[in-house]
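# Fold and geometry: a report
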Amino acid sequence: MRFWRKKGDHVLVVGIFQSVGVGRTVLQNLRRARFRRAAAIYASAKGRQRIEEHGISAIGGSAAALILSVVLGVFIFWERGMLGDNRLAGVALPLAAFAFGGAITGWILVQLLREHIDSASFARFTNTILPNETVVLAEVEASESSRVLAILRGAEAEAPVTFGFYPPPPFSI
């Protein structure tokens, strides 16, 4: 049990913008500055919300790993001379196994290596967003919060409302 915050603790920095375009630009600026744990929540005029995160999707990672594993399987069968026998029916099942294994491996790797904002943070802010508003979230180390605030406040069109939230303490009183 820890009682004090460590230097490695993350801070959730939030900026609220009145237009979708400015919020999208700020999110791109955060990505260019190498802040990977950044996302935006947009609310349309009707109040419909959309979350935008950058990175590789689980489906994209699965598809890439599937293609790579099938190519690897074809190469292995070609090296062993199994493709020249015109017995494609005998090779189809092992290639399907390569494809299935590659897709599952790609999905697991993307889920493990993807940096994203915690879903509890999204849940906390999706209920408070107003129509035609954008909330930009960035989860960074405490030492990097001033850089994120400078990027959020650097929007030329409008000044955002910004907040910083430390994680809850690891113990309850």
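Because the structure is a prediction, the values reported are computed rather than measured. (Residues numbered from 1 in each chain as written. Predicted model: local features only at pLDDT ≥ 70, side-chain atom pairs only at ≥ 80, totals over all residues. Heavy atoms only, no water.)

A positive phi angle, close to 70°, is found at Arg34, a residue other than glycine. Relative to the assigned elements, Arg34 resides in the loop between α1 (20–32) and β2 (38–43). Among the residues examined, Arg34 registers a relative accessible area of 64% and is labelled exposed. (Helix = DSSP H or I, 4+ residues; strand = E, 2+ residues; numbered from the N terminus. Buried < 20%, exposed > 50% of the residue type's maximum accessible area, 1.4 Å probe, protein only.)

On to a nonpolar patch on the surface. On the surface, a cluster of nonpolar side chains totalling about 760 Å² of accessible area is made up of Phe100, Ile104, Trp107, Ile108, Leu109, Leu112 and Leu113. If you trace the backbone, Trp107 turns up in helix α3 (residues 88–113). (Patch = residues over 30% accessible without salt bridge, like charges linked within 9 Å, V, L, I, M, F, W, Y side chains within 5 Å. Areas by Shrake-Rupley, 256 points an atom, 1.4 Å probe, with all protein chains shown as cover. Salt bridge = Lys/Arg side-chain N within 4 Å of Asp/Glu carboxyl O.)

On to the pattern of salt bridges. Using the criterion set out here, one finds 2 salt bridges in the structure. Residue Arg37 is joined to Glu139 by a salt bridge in which the shortest nitrogen-to-oxygen separation is 3.1 Å. With Arg37 in the loop between α1 and β2 and Glu139 in strand β4 (residues 133–141), the pair connects residues that are 102 residues apart, well separated along the chain. Looking at Glu139, the relative accessible area reads 17%, which means it is buried. Linking Glu144 and Arg147 is a salt bridge whose minimum nitrogen-to-oxygen distance equals 2.7 Å.

Attention shifts here to helix α5 (residues 145–153). Within the span of α5, buried status applies to Ser145, Val148, Ile151 and Leu152. Take α5 and look down its axis: the buried residues cluster within an arc of 120°, on one side only. (Arc of directions from axis to C-beta.)

Summarising burial for β2: 6 of the 6 residues are buried, a large majority. Residue alternation in β2 divides its side chains into two sets, Ala38, Ala40 and Tyr42 and Ala39, Ile41 and Ala43, and both sets are buried. Pairing of β2 with β4 involves 6 bridges; the strand directions are antiparallel. Each bridged residue has a counterpart across the sheet, and for Tyr42 the counterpart in β4 is Thr134. Pairing geometry for β2 and strand β3 (residues 49–53), over 5 bridges, is antiparallel. Note that in β3 the partner of Ala39 across the bridge is Glu53. Linking β2 to β3, which pair antiparallel, is a turn of 5 residues; within it Gly47 sits at a positive phi near 95°. (Pairing = 2+ DSSP bridges.)

The strand order β3-β2-β4-β1-β5 describes an open sheet built from 5 strands, whose pairing is antiparallel. Two strands in the sheet have a free side with no partner beyond their single neighbour: β3 and β5 (161–165). In this sheet, adjacent strand axes meet at a mean angle of 15° when their direction is disregarded. Where α1 meets the sheet, it contacts β1 (10–17), β2, β3 and β4, and its direction lies at approximately 170° from that of β2. (Axes fitted to C-alpha atoms, helices over the stretch in contact; angles between N-to-C directions. Contact = heavy atoms within 4.5 Å.)

With that out of the way, let us pick up the confidence of the model for the chain. Across the chain, pLDDT averages 80, with 87% of residues at or above 70. Within the chain, the lowest mean pLDDT, 74, falls on helix α4 (residues 119–126), and the highest, 89, falls on α5. Low pLDDT (under 50) marks residues 1–5, which in the prediction has 7 contacts with non-local residues, meaning those over four places away or in another chain. (pLDDT = per-residue confidence, 0-100.)

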